[in-house]
Amino acid sequence: ARGPFGVLSFCQHWQHPLVTSVDLAKSTHHKAMETGDMMTATSSIAMMVSAQMYSGTPLDEVEREIATYYDFMRRMNYADFQTDLYTNRMVIRNLRGEVAEAGSFHSEELDEVSYVTLDVHNETRYGISRYHARKAFVLYLLGQPQAALVHSRSASQDLEAHFAQMQMPQMVFHHGLILAANDRLVSAKERVGMRRQLRKQLKLLQKWSLLCPVNYLHEFLLLQAEWKRINGRYLKAYDLYEQAIQTAQANGFTHHVALANELAAKCYLAQGKERIAKLFLQDARYNYLKWGATAVVKRLEDEHPGLLTAARLDTVARTEPGDGVTTHPTMLATTDSRGQSLDLMTVMKASNAISGEIVLDKLLENLINIVVENAGAEKGYLLIERDGDLRIEAEKSVANGRVVVLQSLPFQQGALAATVVQYAARMKDPIVLHEAHKSGMFQKDSYIRDHEVKSILCLPLLTRGRLIGVLYLENNLATYAFTSDRLEVVKMLSSQIAISIANAELYDRQVALNRAYGRFVPHQFLRFLEKKSIVDVKLGDHVQAEMSVVFTDIRNFTALSERMTPEENFEFLNEYLKTMEPCVNENNGFIDKYIGDSIMALFDRGADDAVRASIAMFRQLNDYNAARTAQGLEPLQIGIGINSGKLMLGTLGSPHRMDSTVISDAVNLASRVEGLTKVYGAKLLITEHTHRRLTERDAYGIRLLDRVQVRGKTEEIHLYEVLAAEEDGVREGKLRTRERFEQAVNEYHAGRHLEAERLFLSCWQENRQDRTAQLYLERCAHRLAQLEVAAADAVEVEEVTEA
């Protein structure tokens, strides 16, 4: 195999990190779409998703990619690639616990029993082998090693069918793990054969780890650790587990970091080393969660309830006297007065959970949950500095478990001690009140006085000396609730909290900025130009792509707008355009531009999307007109023209003022076809270029309308009417007479106008709302009259000549 497809299939993963295969697959897909190579366009999507799965991409992200391309894959109808995508989706659903029975791949799309009993050509064997391999790995992760072994053996029988492809080393790795997991579950005789197979898997992985250590070294190390374990060489196994964890972590294989931690924990547990096993189990749970495998996490927690319970710091009563007001410098001690150690693992886990989130609302929810839990608070507030004022952006009450984020209330409106918040923010020092209602400094605070508040912890959040926000925690059930341990935990988290909030707000602003840009420059333009951000776009960037162009226009808009003020015009147009936009977006298209009352939309995933979007526009217009009529307003009428072909997308203008645009004769033709809807009294017209690209023609009720020569074109084009856009009665009448109508069109263009007139008259008499048939009758009458005049003139000339 040559070209990007061959490189992606057989070469890339042996030399470069697996994540680079994701980018190459996307690039291959776009180039294949441009050249019309649908086989490569489809296969590259399947390989992209597989590369994401094998490289440990978060499952939510992979699911989003699958959802993006799933309809495209189904429409292309390449069974093997479609099944490839489907089985990956079922792996994700199993790992997230979204199936009725663990390990099931069954659905309306795939009958597992029928699928695995197919006995035909090699391509099917290849797909069935891949199915067994994925099912085996799912069952293994869900704690069913014996069931996994059955499928893994079935997959290994056809391993040569996957020669050199990226799934081959994964199948070898997974089969080795499953063999090791079953070592003590089989008879001594069977164990000998299984260990022989396991040695073969190890030798293959060792060779591949030397070829591409970034992808396969950690897999070899982990399988080697399992080999040492089953042979009782535990000290060597411990060392290999650690090496595997570090190597997988360094190269970004989150799922394998989780798995290596879990297997190490099991090895330690088997030797009675519970304390160290607990650390590995906690790391395994954290990385499985990071990957998104919540069903695996639940299995871990069910198997090890004593080791994976949520860690909390015990409240330690203080006996030292004082007025209850304390500020603390940085604390170095890690024990309280009774010598109880801080749970540093809990702090690390909390810090990782905080730093791993970038979306502001989710971050705030995580923050308030983590802080309230680890500080032993009854309720908590997270305030963020905005324009010189502190605003409540997250709050939690343990009593009702309720968390509220992003309400942006002034802190004075919260159920908290405002003077404590002000003091902590101004002095930039933490405050701990053990008996707030008795504190000389704050006992006059109206909130503290009215609620007789006992314990308060208020901590400023700083980054580089700048105030980002304030944490306010309260416990009204006990005095001395916020011990030095609890304060230390919150302080250790505070710098990470401040940094994470700053980063999330920066990300939030960037997202808002990108959305703002997207209102002017469609994000799809960036995708076509292969740019990650609007800032990467340069003047003159361009790309050619195969697309369908939808052009729609309001009829008689000039007369309509003359009866409105400019303000009313803007209000009306925005309301109308806003109503139409979802029809485009929901059918995989995007709006290129608005031209007054006209909409120009582009569809790159197939002409069917363009037709479906146009039909949806007419249905949406019916609802819109019903609302207008109820207000005593005139209903709108629109016409839509669609054409398909190659378009050049790019940027035009100057370095300081440029615009995204589409240049193509296909665009001009779509506009002219829309104009013809007024001539024929039709709603939706498409060209033959679009008609040829449709895969579901029968669903739209299409009839041949005419053969026309549009302005600027030397050749005639066939014009088709999409009847699904018509009202029910009109559509049914046109469908009944479609065959006669198309015969009449052909008769007309063949010059047999008398026969054409007879057929068109028959159509019109049966369906008086068929304005096109009426138009043709007028044309036929006109043409026949011309022929009569021409015949009379010829006779007259002949008579003169004879005279």
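Reading guide: rules and limits
- Residues numbered from 1 in each chain as written.
- Predicted model: local features only at pLDDT ≥ 70, side-chain atom pairs only at ≥ 80, totals over all residues.
- Heavy atoms only, no water.
- Salt bridge = Lys/Arg side-chain N within 4 Å of Asp/Glu carboxyl O.
- Buried < 20%, exposed > 50% of the residue type's maximum accessible area, 1.4 Å probe, protein only.
- Helix = DSSP H or I, 4+ residues; strand = E, 2+ residues; numbered from the N terminus.
- Expected span 1.5 Å × (residues − 1).
- Contact = heavy atoms within 4.5 Å.
- Axes fitted to C-alpha atoms, helices over the stretch in contact; angles between N-to-C directions.
- Parallel < 35°, antiparallel > 145°, perpendicular 65-115°, else oblique.
- Left-handed = near helix turned anticlockwise from the far one by under 90°.
- Phe/Tyr/Trp six-rings, centres within 6.5 Å; stacked < 30°, edge-to-face > 60°.
- Core = buried A, V, L, I, M, F, W, Y, C linked by side-chain atoms within 4.5 Å.
- 1 Å grid on protein atoms, 1.4 Å probe; cavity = no way out; pocket = protein on both sides within 12 Å on 5 of 7 lines; lining within 4 Å.
- Points joined across faces, edges and corners; volume = space filled by probe spheres on them.
- Nonpolar A, V, L, I, M, F, W, Y, C, P; charged D, E, K, R; others polar.
- Pairing = 2+ DSSP bridges.

Participant: Residue-level account of the pattern of salt bridges, with values.
Facilitator: Counted by the stated rule, this structure contains 40 salt bridges. The residue arginine 707 makes a salt bridge to glutamate 716 at a minimum N-O spacing of 3.6 Å. Using a relative accessible area of 44% as the deciding quantity, one classes glutamate 716 as partly exposed. Linked through salt bridges whose partners overlap, the residues forming this network are Arg703, Glu721, Glu726, Lys734 and Asp770.

Participant: Summarise helix α13 (residues 234-250); cite the residues concerned and give the values.
Facilitator: With 17 residues, α13 should cover 24 Å at 1.5 Å per step; its first-to-last C-alpha distance of 24 Å lies within 8% of that length. Among all positions of α13, only Ala237, Tyr238, Leu240, Tyr241, Ala244, Ile245, Thr247 and Ala248 are buried. In the core, the buried residues of α13 are packed alongside α12 (213-230), α14 (254-270) and α15 (274-291). Glycine 252 sits one or two positions beyond α13 and adopts a positive phi of about 80°.

Participant: Give a detailed account of the packing of helix α4 (residues 38-55) against helix α5 (residues 59-76), specifying residues and quantitative values.
Facilitator: A pair of packed helices is characterised by two quantities: the angle between their axes and the separation of those axes. At their nearest, the axes of α4 and α5 sit 10 Å apart, and the two run at 160° to each other. As the angle between them shows, α4 and α5 are arranged roughly antiparallel. Seen from above, α4 lies across α5 with left-handed handedness. Contacts between α4 and α5 involve Met38, Ala41, Thr42, Ile45, Ala46, Met48, Val49, Gln52 and Met53 from the former and Leu59, Glu61, Val62, Glu65, Ile66, Tyr69, Phe72, Met73 and Met76 from the latter.

Participant: Tell me about the packing of aromatic side chains, residues and numbers included.
Facilitator: Counted according to the given criterion, the structure contains 15 aromatic pairs. Residues phenylalanine 105 and tyrosine 131 carry aromatic rings whose centres are separated by 5.8 Å and whose planes lie at 80° to one another, so their mutual orientation is edge-to-face. A residue pair is termed long-range when its members are at least 10 positions apart, and phenylalanine 105 in the loop between α6 (79-95) and α7 (112-116) and tyrosine 131 in helix α8 (residues 122-141) qualify at 26 residues. An identical accessibility class is assigned to phenylalanine 105 and tyrosine 131; each is buried. When the ring of phenylalanine 760 is compared with that of tyrosine 776, the centres are 4.3 Å apart and the planes differ by 5°; the resulting orientation is stacked. Placement of the pair is phenylalanine 760 in helix α30 (residues 753-766) and tyrosine 776 in helix α31 (residues 771-802), with a sequence separation of 16 residues.

Participant: Any chance you could break down unusual backbone geometry for me, citing the residues and the numbers?
Facilitator: Peptide bonds are trans in most cases, and residues, glycine excluded, mostly fall at negative phi. Although it is not a glycine, aspartate 387 sits at a positive phi angle of roughly 55°. Mapped onto the fold, aspartate 387 is located in the loop between β2 (379-386) and β3 (389-397).

Participant: Which residues make up the nonpolar core, and what values do they have?
Facilitator: Residues Tyr140, Leu141, Leu222 and Tyr288 are the most contacted members of the largest nonpolar core, which totals 93 residues. Judged by nonpolar contacts, the second largest core, of 62 residues, contains Ala607, Ala613, Leu705 and Ala725.

Participant: Before we move on, can you summarise empty space enclosed by the protein with the specific residues and values?
Facilitator: Summed over all chains, the structure comprises three cavities of 30 Å³ or more. Roughly 220 Å³ of internal volume is contained in the largest cavity. Taken together, 16 residues line the largest cavity, and the ones lying closest to its centre are Met53, Tyr54, Arg134, Phe137 and His174. No other element matches the five residues that α8 contributes to the lining of the largest cavity. Residues of the lining of the largest cavity, tallied by class, amount to eight nonpolar, six polar and two charged. Empty space within the second largest cavity amounts to approximately 50 Å³. The wall of the second largest cavity is formed by Ala133, Ala136, Ser152, Ala155, Ser156, Met171, His174, His175 and Ile178. Those elements that provide at least two residues to the lining of the second largest cavity are α8, α9 (145-156) and α10 (167-181).

Participant: I'd like to hear about the pairing of strand β13 (residues 684-687), residue by residue, with values.
Facilitator: Burial of β13 is two-sided: the residues Leu684 and Ile686 facing one way and the residues Leu685 and Thr687 facing the other way are all buried. Both β13 and strand β15 (residues 717-722) contribute to a ladder of three bridges, which runs antiparallel. In the sheet register, isoleucine 686 faces β15, and the bridge partner there is tyrosine 720.

Participant: Requested: an account of the packing of α12 against α14, with residues and values cited.
Facilitator: Closest axis-to-axis distance for the α12/α14 pair is 11 Å, and the angle between their directions is 15°. In this view, α12 runs roughly parallel relative to α14, as classed from their interaxial angle. Seen from above, α12 lies across α14 with left-handed handedness. Contacts from His218, Glu219, Leu222, Glu226 and Arg229 of α12 reach α14 at His256, Leu259, Ala260, Leu263 and Cys267. Counted by class, the contact of α12 with α14 contains five nonpolar, two polar and three charged residues.

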